[in-house]
Amino acid sequence: MWSGFPLFPEQASTMAGRVDALYLALLAIGAFFSLLIASLVVGFAVRFRRRSPDEIGTPIHGSMALELVWTLVPLGIVFVIFLWGAEIFFSMARVPPQAMEVYVVGKRWMWKTQHLSGQREINELHVPVGVPVKLTLTSEDVIHSFYVPAFRIKKDAVPGRYATLWFQATRPGKYHLFCAEYCGTKHSGMIGSVVVMEPAAFQSWLTGGGSGSLAAQGQKIFQSLGCVTCHRADSAGRGPRLEGLFGRPVNLATGEEVVADADYVRESILTPAAKVVSGYQPIMPTYLGLVSEEGLMQLIAYIQTLEEPAGAADRAQGRKP
Ligand code: CUA
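Residues numbered from 1 in each chain as written. Predicted model: local features only at pLDDT ≥ 70, side-chain atom pairs only at ≥ 80, totals over all residues. Heavy atoms only, no water.

Quick look at the overall build of the protein chain
Helix and strand content of the protein chain: eight helices and 12 strands. In terms of overall size, the protein chain is more extended than a compact globule, its C-alpha atoms giving a radius of gyration of 28 Å where 321 residues would be expected to give roughly 20 Å. Projected onto its principal axes, the C-alpha positions of the protein chain cover 100 × 50 × 45 Å. Taking all 321 residues of the protein chain together, the buried fraction comes to 37%. (Helix = DSSP H or I, 4+ residues; strand = E, 2+ residues; numbered from the N terminus. Rg over C-alpha atoms; globule rule 2.2 N^0.38 Å. Buried < 20%, exposed > 50% of the residue type's maximum accessible area, 1.4 Å probe, protein only.)

Quick look at the environment of R108
Within the secondary structure, R108 sits in the loop between β1 (100–107) and β2 (110–115). Relative accessible area serves as the criterion here: at 40%, R108 is assigned to the partly exposed category. Taking the C-alpha atoms as reference, R108 lies 7.7 Å from K186; in sequence the two are 78 residues apart. In this structure, R108 is in contact with D141, V142, H144 and C183, ignoring residues within four places of it in sequence. (Contact = heavy atoms within 4.5 Å.)

Remarks on the pattern of salt bridges
Side-chain pairing between opposite charges can occur once the charged atoms of the two side chains come close. As enumerated under the stated definition, the model contains 10 salt bridges in all. The closest approach of N and O atoms between E294 and K112, which form a salt bridge, is 2.9 Å. Here E294 is found in helix α7 (residues 293–305), whereas its partner K112 is found in strand β2, with 182 residues between them in sequence. The same class applies to E294 and to K112, which are both buried. Residue R120 pairs with E294 through a salt bridge whose shortest N-O separation is 3.1 Å. Here E294 lies in helix α7 and R120 lies in strand β3 (residues 120–122), a separation of 174 residues in the sequence. Of the residues examined, E294 reaches a relative accessible area of 12% and is grouped as buried. (Salt bridge = Lys/Arg side-chain N within 4 Å of Asp/Glu carboxyl O.)

Quick notes on the sheet that holds β3
Sheet architecture is open: five strands sit in the order β3-β2-β1-β5-β8, paired in mixed fashion. Of all the strands in the sheet, the pair left with one neighbour each is β3 and β8 (163–168). Sheet twist, expressed as the average angle between the axes of neighbouring strands with direction ignored, equals 25°. In the sheet, β2 pairs with β3 via three bridges, with the strands oriented antiparallel. Of the residues in β3, the one forming a bridge with Q114 is R120. Packing against the sheet, α7 makes contact with β1, β2, β3 and β5 (132–139), and its axis sits at approximately 160° to β1. (Pairing = 2+ DSSP bridges. Axes fitted to C-alpha atoms, helices over the stretch in contact; angles between N-to-C directions.)

Observations concerning the environment of E243
Topologically, E243 is positioned in the loop between α5 (227–230) and β11 (249–251). For the pair formed by E243 and T207, sequence separation is 36 residues and the distance between their alpha carbons is 28 Å. Discounting chain neighbours no more than four positions away, the residues touching E243 are A233, L306, E307 and E308.

Section: the packing of aromatic side chains
Geometry of an aromatic ring pair is reported as the spacing of the ring centres plus the angle between the planes. The full count for this structure, using the stated rule, is 10 aromatic pairs. Taken together, a centroid distance of 4.7 Å and an interplanar angle of 25° make the contact between F151 and F167 stacked. Taken together, the residues F151 in the loop between β6 (144–148) and β7 (153–157) and F167 in strand β8 connect sequence positions 16 residues apart. F167 carries the same exposure label as F151, and that label is buried. An aromatic cluster is built from F151, F167 and Y175, whose rings are joined through pairwise contacts. Across from the ring centre of Y147, 4.6 Å away, lies the NZ or CZ of K154, which sits over that ring. (Phe/Tyr/Trp six-rings, centres within 6.5 Å; stacked < 30°, edge-to-face > 60°. Lys NZ or Arg CZ within 6 Å of the ring centre and 35° of its normal.)

Structure below.
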């Protein structure tokens, strides 16, 4: 298989070859038509030049065949480019369901990453080779952009919301990680590396640290902020139960229905009155300023682990267990 092009960064993800192929095709099409047009301009200028001072050109009244050719041929070409680009765009946007999750927070001027196992890194991200990795990205201050040229991925980290992107590394090694959005004085120093490891080496790296899993850290915050006094598992709390909540639809007081994803949980912690669950009062105080972006990600990881106890789902739906 074709493996790279001079001046291009290394190809180290499943997406890299596909992006390069499209890019090179665009370049080739652009070069072909530029040369064609430029040589026709020069060729016609020479061939049809005025040969004597009194020469008068013959009027031309157009050609249907020519019009059709130079309309339909480019139309066909741009359709091919569109479909090709859309196909790559969709595979970049669709995160494989079995992807390993990592949370990333950008701040001036560093990248902070957290693994579900609890491992935390600064300006580094260790991942196993051959495994799809899903990143949930946000920023603590201004817009940054997470950019790994060797993987051909780039995504803005925007304060106040989560963005996701994914990649699957294809060869072990150390690859540049950049911030690709100007974010102040030390923007150019907001760099790091993605370390791609063999799965076994990655497993031993993972077990190296020990501050508890991301969810366990989230549980600590959950308890220290007293969330548990209202969000009780026995449905006797003043707030809705959180067991089995994540990823499921929620009915709101307004009659709308939303899916309890990471963005919804984050918003409900920081702006509790924005989407009140049907049947509850908007009495929850805001936790804006009390939980860091990393803490919010830990809380989300914790809430994701809260499962409905066996049989409870049946009871909630009025069925006999
Ligand atoms: Cu962060 Cu540029």
